[in-house]
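# A look at the structure
Take a look at the letters that make up each chain.
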Amino acid sequence: MPDPIPFSKAYLVGDELAYVNQAFSSAAVVGDGPFTARATELVTKLTGGLGSLLTTSCTHALEMTALLLELAPGDEVIMPSFTFVSTANAYALRGAVPVFVDIRPDTLNLDETQVEAAITDRTKAIVVVHYAGVAVAMDEITAIAARHGVAVIEDNAHGLGGTYKGRPLGSLGLMATQSFHGTKNVHCGEGGALVVNDTDLLHRAEIIREKGTNRSAFFRGQVDKYRWVDIGSSYLPADPLAAFLTAQLERFDQIQAPRYAIWERYERELADWTAAHGVGVPTVPDDCVHPAHMYYLLMPTHEHQLGLIAHLRERNITAPFHYVPLHSAPAGEKYGRVGPGGCEVTERISGRLVRLPLFSQLTEEEQTRVIDALLSYPI
């Protein structure tokens, strides 16, 4: 049996442990130390946002958006069903109702043509998920949001480094969230960030993140003591985590280069096979740049999805499916509802999608093994 090829493998650029040791050796081992400041600066630059705040996870960043929107029980938040549970949990925790709208069959993003019909007088926000780092049709979404006076939140967990019409993902909504989970292109094991594109909200987000206190303003010398001034929680990561993340962000291009090469090799060498057998591949519109976060295949049937996953597993290659649609999950049925257009595409796609191994250390020999295994699948 050949050595296993995992689906994902966390990448080290080389400076992470030195930076972590430096952070632990300093007096600023808690949050908001010098590495937090540096990582925050880099995140803001990459996303093009007004400002950003590191968080302990993308989940916590999403929860902060719910607090900043001041959601109340019964408020509604439109989102795709084809997403991770955190996208819905963040709003359901505040008593808001996730309203699940279908996805497009090409980009697998929220279908902008079905969003407006899902809006009611209780709608407070539209949450878009840039699936695989390919941008949602943001012009249409922001226009709909403006007509109805609702906020747009970008769940950009997949999309750091992606762009839409030349603008970085993360700069297009009122707020955006980032993930630095170990499966993401850039990581610190577990971590995230909230990107804010409104000055007043950025100030309040800083307070919410620091347990509802103005502690950060105190340390900047702006107030004589810090107090409890708002609701909040502890969303601030320790500086050693930010140190690890800083090393990654500083070498963003180094991390991205092999990922692009692998993505493009899959695209090139699988083209004839996918076309001949009706297998779908990622769609990247001309006005979008993706960050090579994911390469997936859309098999003709659910049986072929299961068959290909098993075929690859027999060759010691891990290639998983992706989300179970939230609207069909027990908690989704309890806390959310489906928009008027239904989620037919979501249900069909989820039963056909297979994600291929894609990480910076995937060698050319391992890439060849994956491609050869795919070409040998008896479709």
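Residues numbered from 1 in each chain as written. Predicted model: local features only at pLDDT ≥ 70, side-chain atom pairs only at ≥ 80, totals over all residues. Heavy atoms only, no water.

To continue, consider the packing of aromatic side chains. What describes a pair of aromatic rings is the distance from one ring centre to the other and the angle between the planes of the rings. Applying the stated criterion across every chain yields a total of seven aromatic pairs. Between the aromatic rings of Y131 and Y323, the centroid separation amounts to 6.1 Å while the plane-to-plane angle is 70°, which identifies the pairing as edge-to-face. Placement of Y131 in the loop between strand 4 (123–129) and helix 6 (138–148) and of Y323 in the loop between helix 12 (302–314) and helix 13 (330–335) is noted, with a sequence separation of 192 residues between them. Judged on exposure class, the residue Y131 and its partner Y323 are both buried. With a centroid separation of 5.5 Å and 50° between ring planes, the pair formed by Y266 and Y295 is classed as tilted. Remark: Y295 occurs in the loop between strand 10 (288–289) and strand 11 (296–298) and Y266 occurs in helix 10 (residues 252–269); sequence separation between them is 29 residues. Through successive ring pairs, a cluster of aromatic residues spans F82, Y131, Y296 and Y323. (Phe/Tyr/Trp six-rings, centres within 6.5 Å; stacked < 30°, edge-to-face > 60°. Helix = DSSP H or I, 4+ residues; strand = E, 2+ residues; numbered from the N terminus. Buried < 20%, exposed > 50% of the residue type's maximum accessible area, 1.4 Å probe, protein only.)

With that settled, consider the side chain of E76. Among the structural elements, E76 can be located in strand 2 (residues 76–80). Of note is the side chain of E76, whose polar atom sits 2.7 Å from the side chain of T120. Aside from chain neighbours lying at most four places away, what touches E76 is V97, V99, T120, R122, T123, K124, A125 and R337. (Polar contact = N/O pair within 3.5 Å; in protein donor to acceptor, adjacent residues only side chain to side chain. Contact = heavy atoms within 4.5 Å.)

Within helix 3 (residues 58–68), nine of the 11 residues are buried, which leaves it mostly tucked inside the rest of the structure. The complete set of buried residues in helix 3 reads C58, A61, L62, E63, M64, T65, A66, L67 and L68. If you follow the buried residues of helix 3, they end up packed against strand 1 (51–55), helix 4 (85–92), strand 5 (151–155), strand 8 (175–179), strand 9 (192–196) and helix 7 (199–209). Backbone nitrogen of T59 and a side-chain oxygen of the N-cap are separated by 3.4 Å at the start of helix 3; the cap is S57. Residue E70 follows helix 3 closely and has a positive phi angle near 55°.

Summarising burial for strand 4: six of the seven residues are buried, a large majority. Strand direction decides the pairing type here: strand 2 and strand 4, joined by three bridges, are parallel. By the bridge assignment for strand 4, V77 is matched with A125. For the crossover that starts at strand 4, traverses helix 6 and ends in the parallel strand 5, the hand is right-handed. (Pairing = 2+ DSSP bridges. Right-handed = clockwise from strand over helix to strand, strands pointing away.)

The next thing to look at is the nonpolar core. L68, V77, M79, Y91, M175, L194 and A205 are the most contacted members of the largest nonpolar core, which has 30 residues in total. Elements represented by at least two residues in this core include exactly helix 3, strand 2, helix 4, strand 4, strand 5, strand 9 and helix 7. Here this core takes seven residues from helix 3, the largest share from any one element. Excluding anything up to four places from it in sequence, M175 contacts T65, L68, L69, V152, I153, E154, L194, V195, V196 and L201. In terms of nonpolar packing, the next biggest core, distinct from the first, is built from 26 residues, Y266, V279, Y295 and I317 among them. (Core = buried A, V, L, I, M, F, W, Y, C linked by side-chain atoms within 4.5 Å.)

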